[in-house]
Amino acid sequence: MWDDFISGQIRRTNRNLFLSGTGVVTILGLLLAAGWRDAYNFVFGPFPVQGSELVSIWNPDVPKRYFLKVQGEKSFATGMQEVDASNHDKVRAEIVALVVDKRLLLVKTPSDNQQLQFTGTLAAIPAEVNNGVVPPFQEKYPEQKAAFLPFMLDATRFRKGDNLVLAAVGAGFGVLGLVLIGVPVRRQLRPESHPLFSQLAKYGGLQDVRMRIDSEMRSEGGGEKFGAMQITTNWLINAAAYKTNVMATRDVAWAYPKVTKHYHNGIPTGKSYSAIIRDSQGQSLEISGKKDSVPKLLESLQRRTPWVLIGFSKELEVLWLKEKPKFFQLIEQRRANLARATR
């Protein structure tokens, strides 16, 4: 069993991934438990309901199943409508009365809807609806004072709009949590699949590289540290929370500072600072840091690897993106000049 620096990084990142995934799944589970009734109905509903079952309900908040498919014998308009607040000519919904098992169920439904089967959620009857529909009906039909059920059916919005967005977000977090848990489990079962090993393979035999890194980290006390970045004589190691990147100092070619401005509603809210480090293997690292630590990191890198190009320019960016051979020729020329100067 290996117990070197690289093994410690693998254990650390796997643990962080697993704990984060477990945290996401636990929080999502607690939220689902708190809103289990809504989640159950959203996922498994609508539930067909018999008229006899419906008329036995006295409180819409009590039944486990409240997202229902209701079949009536006939329906009629009550004359009450819900209109748009900014445009009273735009009807958003209307209230109809559905005859179910000799009782009347108020249904909020999209306008011009005359069907006898409605799908929606049980809800309390708003005061304005109750006052606008029930008293006039009871005055006209005094013998039907108990005709209306003590709740209504909202057939307009349960699986629409915000609820669909919320369900999609919840599903996304669930998948994220499972992935965060699954990645370290897979790496534990198949250690050779860890991406850090493919990085190290570029520098020679895996065991030899690990031994060299471990020996250097021990002898240099972990190297020079800049946040998550550790620099030793031969290695740059960025030990981020969920991933560790290793880069050989001999391969570093270009490094420069990066400043990102942040805005909220068009108002500047601050800046974040980082250093971009690129090497001849095609690897790029972005090291976040404070305003004063990023220049110190670049100064240390320049001191340790004097052939490296420090600083950003459009010309260097064009070379890096479109003419890498010329870029690396420039680095080799700098190496050669430095070698001649030190003779």
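Our structure is the block above this text.
The present account deals with the structure reproduced in this document. Source: prediction; values computed, not measured.

What follows is about the sheet that holds strand β2 (residues 67-71). By way of backbone hydrogen bonds, the strands of a sheet pair with one another, either parallel or antiparallel. Spatially, the 7 strands line up as an open sheet ordered β1-β2-β6-β7-β5-β4-β3, and their pairing is mixed. Taken across any chain shown, the strands that pair with only one partner, and hence form the sheet edges, are β1 (47-49) and β3 (74-83). Pairwise comparison of adjacent strand axes, ignoring direction, gives a mean angle of 40° for this sheet. Strand direction decides the pairing type here: β2 and strand β6 (residues 117-123), joined by 5 bridges, are antiparallel. Bridge assignment links F67 to a residue of β6, and that residue is T121.

Before going further, it helps to examine the sheet that holds strand β8 (residues 224-226). Spatially, 4 strands are ordered β8-β9-β10-β11 in an open sheet, and the strand pairing comes out antiparallel. Every interior strand has two partners, whereas the edge strands, β8 and β11 (244-248), have only one. Averaged over all pairs of adjacent strands, the angle between their axes in this sheet comes to 15°, without regard to strand direction. Here β8 pairs with strand β9 (residues 229-231) via 3 bridges, running antiparallel. Opposite K225, over in β9, you have Q230 as the bridge partner. Contacts from helix α1 (residues 5-34) reach β9, β10 (235-239) and β11 within the one sheet, and its direction differs from that of β11 by about 150°. Helix α8 (residues 293-304) rests against β8, β9 and β10 of the sheet, and its axis sits at about 150° to β8.

About the cut-offs
Residues numbered from 1 in each chain as written. Predicted model: local features only at pLDDT ≥ 70, side-chain atom pairs only at ≥ 80, totals over all residues. Heavy atoms only, no water. Pairing = 2+ DSSP bridges. Helix = DSSP H or I, 4+ residues; strand = E, 2+ residues; numbered from the N terminus. Axes fitted to C-alpha atoms, helices over the stretch in contact; angles between N-to-C directions. Contact = heavy atoms within 4.5 Å.

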